[in-house]
Amino acid sequence: MKVAVLGAGAIGAYVGASLARGSTDVHLIARGKNLEAMRRNGVKVRSPRGDFEAHPPATDDPREVGPVDFVFLGLKANSYATCGPLLEPLLHEETAVVAAQNGIPWWYFHKLEGPYEGRRIEAVDPDGEVSRVIPPERAIGCVVFAGTELAEPGVVEHHEGTRF
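First things first, this report covers the structure right here in the doc. Residue numbers restart at each chain and count upward from 1, following the sequence in its written direction. Local features in this predicted model are restricted to residues of pLDDT 70 or higher, and side-chain atom pairs are both shown and tallied only at a pLDDT of 80 or more, whereas totals for entire chains, interfaces and linings draw on every residue. Values reported for side chains reflect all heavy atoms of the structure, with hydrogen atoms and water molecules removed beforehand.

**Considering the overall build of the protein**
Stated precisely, the cut-off is as follows: For the purposes of this entry, the term helix denotes a DSSP run of H or I that reaches at least four residues, the term strand denotes a run of E that reaches at least two, and both are numbered from the N terminus. Computation of the radius of gyration draws on C-alpha atoms alone. For the globule rule, the value is 2.2 Å times the number of residues to the power 0.38.
Secondary structure summary: the protein contains four helices and ten strands in total. When its helices and strands are written in sequence order, the protein yields β-α-β-α-β-β-β-β-α-β-α-β-β-β. In terms of C-alpha radius of gyration, the protein reaches 16 Å, essentially the compact-globule figure of 15 Å for 164 residues. Its C-alpha atoms give the protein principal-axis dimensions of roughly 50 × 35 × 25 Å.

Structure (structure tokens):
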């Protein structure tokens, strides 16, 4: 199984490091000083559950990663509609996209039987832009119950919670 974390900030780097620690073939996609630090030193996680480090490959170019089985989106939900150029190289016919977002997701009514079936929520999927980039049939819902922050580039401070 191959996983890409698109948006390896506080939550994304925490998830990626945790998956790498469990021997998953995971690739981090980030930018700026955080990317530089992760390339140089890996991801350091400081946690009340125990500190650890992981050294998964990190890049700013998803084409270097290629198609994966799962994409974990660590991006802010308001950037989903414009993430197509980053997401596209990671997809194959059956790639699932785990969207770690809080609140009502763009796919909320997808295949929900009843009077709202097929309805689109304009506030989270304006003009269907998100659905065009991330088709609802690829989506795996995810609510994050972990509190993390980037203490510094490449260093994740995990405060509490491990449920996703």
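**What about the sheet that holds strand 9 (residues 145–152)?**
Stated precisely, the cut-off is as follows: Two strands are said to pair when DSSP picks up at least two bridges between them. Axes, fitted as lines to C-alpha atoms, cover a helix only where it is in contact. Angles between the N-to-C directions of the axes lie from 0 to 180 degrees. Working rule for contacts: check all heavy atoms of both residues, and any pair within 4.5 Å makes them a contact.
Pairing is mixed across the open sheet formed by four strands, whose spatial order is 4-3-10-9. What marks the edges here is a single partner per strand, and that holds for strand 4 (52–54) and strand 9. Neighbour to neighbour, the strand axes of the sheet diverge by 25° on average, direction disregarded. Pairing between strand 3 (residues 43–46) and strand 4: three bridges, direction antiparallel. Residue V43 lies in a different strand from strand 4, and its bridge partner there is A54. Contacting strand 3, strand 4, strand 9 and strand 10 (155–163), helix 1 (residues 10–21) runs over the sheet at an angle of about 100° to strand 9.

**Regarding the nonpolar core**
Going by this rule: For this analysis, a nonpolar core means a set of buried residues of the types Ala, Val, Leu, Ile, Met, Phe, Trp, Tyr and Cys, connected via side-chain atoms within 4.5 Å. Residue exposure (1.4 Å probe, protein chains only): buried if accessible area is under 20% of the type maximum, exposed if over 50%, otherwise partly exposed.
In this structure, A8, L28, M38, V43, V45 and F72 are the most contacted members of the largest nonpolar core, which totals 25 residues. Counting only elements with at least two residues in this core, the list comes to strand 1 (2–6), helix 1, strand 2 (25–29), helix 2 (32–41), strand 3, strand 4 and strand 7 (96–100). When residues of this core are assigned to their parent elements, the largest contribution, five residues, is made by helix 1.

**Looking at helix 2**
Selection rule: This arc is taken over the directions from the axis of the helix to the C-beta atoms.
All of the buried residues in helix 2 are N34, L35, A37 and M38. For helix 2, the arc enclosing every buried residue in end-on projection is 165°, short of the 170-degree limit, so these residues lie on one face. Counted as exposed and oriented over 90 degrees from the buried face of helix 2: K33 and R40. A positive phi of about 75° marks G42, the residue just after helix 2.

**Description of the side chain of R138**
What counts, and what does not: Charge convention: Lys and Arg are scored as positive, Asp and Glu as negative, and His as well as the terminal groups of each chain are ignored. The salt bridge criterion pairs a side-chain nitrogen of Lys or Arg with a carboxyl oxygen of Asp or Glu, the two atoms within 4 Å.
Secondary-structure assignment places R138 in the loop between helix 4 (129–133) and strand 8 (139–142). E137 is the oppositely charged side chain nearest to the buried, salt-bridge-free R138, at an N-O distance of 6.5 Å. Apart from the residues lying within four places of it in its own chain, the contact partners of R138 are L91, H92, E93, E94, T95, A96 and V97.

**A few points about the pairing of strand 2**
Inclusion rule: Handedness rule for crossovers: strands pointing away from the viewer, path from the first strand over the helix to the second running clockwise, crossover right-handed.
Burial analysis of strand 2 places four of its five residues in the buried class, the great majority of the element. Inspection of the sheet shows strand 1 paired to strand 2 by five bridges, in the parallel sense. For A4, the partnering residue across the bridge sits in strand 2 and is H27. Handedness of the crossover joining strand 1 and strand 2 through helix 1 is recorded here as right-handed. Pairing between strand 2 and strand 5 (residues 58–59): two bridges, direction parallel.

**Section: the packing of aromatic side chains**
Put simply, the test is: Paired rings are identified among Phe, Tyr and Trp, the last through its six-membered ring, by centres lying within 6.5 Å, and are further divided according to the angle between planes into stacked (under 30 degrees), edge-to-face (over 60) and tilted (the rest).
For the structure shown, the criterion picks out five aromatic pairs. A centroid spacing of 6.4 Å and a plane angle of 75° characterise the contact between F72 and F164, whose relative ring orientation is edge-to-face. Here F72 is found in strand 6 (residues 70–73), whereas its partner F164 is found in the segment after strand 10, with 92 residues between them in sequence. Since its relative accessible area comes to 40%, F164 is described here as partly exposed. Note on Y108 and F109: the rings are 5.0 Å apart at their centroids and 85° apart in plane angle, and the pair reads as edge-to-face. Residue classification places Y108 among the partly exposed positions, given a relative accessible area of 40%. Three or more aromatic residues joined by ring pairs form one cluster here, namely Y14, F72 and F164.

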